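Examination of the molecular architecture
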Amino acid sequence: MIRRFLAAVIVVGVGSALLVIAWPNLFGLAEAPIVAQLVSVRALTAALAVGAAVTLALVAMLWAGARRFLAALALLAMLFAAVNVAVLSTRGFGDESFPTRAPAELSVLSWNTLGDAPGVDRIAALVIAEQADIVVLPETSQEAAIAIAEQTRQQGRPMWVYSYAFDYIAKARSTSILVSVDLGEYTVDESVGNTSVLPSMVLRPADGTGPTIIGVHPVAPIPGELTNWRGDLRWIESVCRGEQVILAGDLNATADHFRVVDPEAGVAGLGFGDCRNAGLLTGNGAVGTWPTRLPPLLGAPIDHVFVTPDITVTGMRVITTEDGSGSDHRPVVARLIIE
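A brief report on the enclosed structure follows. Just so it is clear, the structure is predicted and the values come from calculations on it, not from any experiment.

Describing the pattern of salt bridges
As enumerated under the stated definition, the model contains 15 salt bridges in all. Across the salt bridge formed by Asp256 and Arg91, the nearest N and O atoms sit 3.0 Å from each other. Of the two residues, Asp256 is situated in the loop between β8 (245–250) and β9 (276–277) and Arg91 in helix α4 (residues 67–91); the sequence distance between them amounts to 165 residues. When its relative accessible area of 13% is taken as the criterion, Arg91 is described as buried. Between Arg330 and Asp323 there is a salt bridge, and its shortest N-O distance comes to 3.0 Å. Classification of Asp323 by relative accessible area gives partly exposed; the value is 27%. Connected through salt bridges with shared partners, the residues Glu31, Arg234, Glu237 and Arg259 form a single ionic network.

A closer look at the sheet that holds strand β11 (residues 311–318)
Read across the sheet, six strands follow the order β3-β4-β2-β1-β12-β11 without closing on themselves; strand pairing throughout is mixed. Looking along the sheet, the strands with just one partner apiece sit at the ends: β3 (159–165) and β11. Averaged over all adjacent pairs, the angle separating strand axes in this sheet is 15°, with direction ignored. As judged from the five bridges shared by strand β1 (residues 106–110) and strand β12 (residues 332–338), these two strands associate in the antiparallel manner. Within the sheet, the bridge partner assigned to Val108 lies in β12 and is Ala334. Here helix α6 (residues 142–154) sits on the sheet and contacts β2 (134–138), β3 and β4 (174–180); the angle it forms with β3, its principal contact strand, is near 170°.

Cut-offs applied
- Residues numbered from 1 in each chain as written.
- Predicted model: local features only at pLDDT ≥ 70, side-chain atom pairs only at ≥ 80, totals over all residues.
- Heavy atoms only, no water.
- Salt bridge = Lys/Arg side-chain N within 4 Å of Asp/Glu carboxyl O.
- Helix = DSSP H or I, 4+ residues; strand = E, 2+ residues; numbered from the N terminus.
- Buried < 20%, exposed > 50% of the residue type's maximum accessible area, 1.4 Å probe, protein only.
- Pairing = 2+ DSSP bridges.
- Axes fitted to C-alpha atoms, helices over the stretch in contact; angles between N-to-C directions.
- Contact = heavy atoms within 4.5 Å.

What follows is the structure in structure tokens.
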């Protein structure tokens, strides 16, 4: 009798824990310790759950005395995996095809370079290949950004360089943005504040004409930084508002951490503030951008492009061809049309 009671308690406890991880926003726990990290890698946890279910089922076949208990745990693991796959399928497993670029489209590229790791030549080559008009480069030094711009200028794509660093001890404490000269000059708006540990940047058009460009890099939700991470996301929510706003970068957050509520589904996940996520809008929201050592469909989709509703997203993709470049992040690129 006691064994059955304990088994029931364990099954209920495991089921409750898996429900929280699979649907944290139901309980308001998407930003809670442990949950915040696990929900970022839904595909990986689903794969591990399937492996656990198979193992439990095999053990149950050999251990008759615990067969019902193990079978119940195996069923919970499979249900957990199924829920995660269902959620990811609604976000999109990726579409790398782009239609022929229209003259009115802007190309926005974002890549956390892990402290200039891919090298100037490789980053500049990607900028040229994607015909990028806006390039957001978290963890990229001003020196590297200037050298990249020099190469793009030689290729007929001159760009302004904007860079902000909290210090020069570690390149991770820098964020750089390149903007095509065709979009005009910009100024850094320091009046809106900044993220807490790693720098972000808000650029306003100098003549008041053109989109606001925001490059962001919230700190990762690691132990000891959860409070700063939550504060960084609230800051992003506060600045991604208004008209003609383009925000990109390494957000260290997935759709489960976005705050905008879908009026039809009644759940969080579309974006922050007035902004919507390009990956979710184009069916690329489940493609992992970090770490590159994991296949794209098992990684965490934490690098993003966001836009306000007056900007149309015509395409977006996660670039997988740079996985061996030295950075642990995959670049993302989006095509936009400003209404």
